[in-house]
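# Chains, contacts and geometry: an overview
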Amino acid sequence: MYTIRRWWDRYGLQALLVTLALGAAWSIRQTQGSLIFEAYRWTARPFQASPIQEDRLVSSRVRELQDRLRELEGQNQKLRELVGYVKANQQAGVVAPVVGRSADHWWQQITLGRGSKDGVKVGDIVSGTGGLVGQVINVTPHTSRVLLISDPTSQVGVTVSRTRYTGYMRGQSETQATIEFFDKVPDVRVGDAVSTSAFSQLFPPGLPIGRIVAVNLSKSPAPEATVEFSAPISYVEWVVIYPNPKASSGAPQP
């Protein structure tokens, strides 16, 4: 008994450490390291995101992807409508994105992502889905600036399609314009379609503009009507640029 105690006092600690090491090795072999992994997870838990935070991150990412998908679907739909409009008019044109719009001149001018290298010229006609948008007034190699028909300085000769009464139109807001007729008692009414006139100096005749939404025949010095644009000028994103047969080197400037 005395001999065993002496041996334990001398070698007991080493024997205990060896036994623990062998036990740990056997445990790791049997569990394939799962105990070490659990110990690591327990130690690192204070530094990891909680399951709630992880769920929030995943939800935010999903919402972001959904928003991107909706945006792409919206752009795709607008391009389809524009392509359909081009085919219906059977006229070759350059499809251009709207790349710039000043907050101070939101319904007066826009900048397009096509320029002289794409064949765009000053005086070219710019149309959107539904009708006339404006006219190119400045061109660089890769961009072009457009004066919108909603600009108050943009005066366009127009015709009422039903009765052929004529007048000139000036921009009033992002969605409407005012027509001042040449005749004292024109035959016009709400719902009449309006297009460019053969007397227009800026555009060829027959380009659709919009429909009359209000008439004031007692307006002095000439009867007036309010026309609502067919093209969505306030939020147009894509347009088509056509050559203008009436354009010349002296194209109008704003």
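Below is a short write-up of the structure. (Residues numbered from 1 in each chain as written. Predicted model: local features only at pLDDT ≥ 70, side-chain atom pairs only at ≥ 80, totals over all residues. Heavy atoms only, no water.)

Here the focus is the pairing of strand β2 (residues 109–112). Along β2, the buried face is formed by I110 and L112; none of Q109 and T111, which line the opposite face, is buried. Across two bridges, strand β1 (residues 94–100) lies against β2 in antiparallel orientation. Following the sheet pairing, G100 is matched in β2 by T111. Pairing of β2 with strand β5 (residues 144–148), which is carried by four bridges, proceeds in the antiparallel orientation. Opposite L112, over in β5, you have S144 as the bridge partner. (Buried < 20%, exposed > 50% of the residue type's maximum accessible area, 1.4 Å probe, protein only. Helix = DSSP H or I, 4+ residues; strand = E, 2+ residues; numbered from the N terminus. Pairing = 2+ DSSP bridges.)

Glancing now at the sheet that holds β1. Ordered in space as β1-β2-β5-β4-β3-β12, the six strands form a closed barrel in which the pairing is antiparallel. Shown here is a sheet whose adjacent strand axes are inclined to one another by a mean of 45°, direction ignored. (Axes fitted to C-alpha atoms, helices over the stretch in contact; angles between N-to-C directions.)

A separate point is the nonpolar core. Among the nonpolar cores identified, the biggest contains 35 residues, and L112, V126, I149, M169 and I209 are the most heavily contacted of them. Sequence-distant contacts of M169, that is, excluding residues within four places in its chain, are made with I149, S154, Q155, V156, V158, A177, T178, I179, I209, V227 and F229. (Core = buried A, V, L, I, M, F, W, Y, C linked by side-chain atoms within 4.5 Å. Contact = heavy atoms within 4.5 Å.)

Strand order around the closed barrel formed by six strands is β6-β7-β8-β11-β10-β9, with antiparallel pairing between neighbours. With direction set aside, neighbouring strand axes in the sheet form an average angle of 40°. Across five bridges, the pairing between strand β7 (residues 166–171) and strand β8 (residues 176–181) is antiparallel. Within β8, the position partnered with R170 by the bridge is T178.

Time to look at unusual backbone geometry. Between S220 and P221 the backbone carries a cis peptide bond, its omega angle lying at 10°. Positive phi, close to 70°, is recorded for R164, a residue that is not glycine. When you line up the elements, R164 lands in the loop between β6 (155–160) and β7.

Examined bridge by bridge, strand β9 (residues 193–196) and strand β10 (residues 208–216) share three bridges and lie antiparallel to one another. In the sheet register, S195 faces β10, and the bridge partner there is P208. When β10 meets strand β11 (residues 224–229), the two strands line up antiparallel, connected through six bridges. Paired with I212 across the two strands is V227, which belongs to β11.

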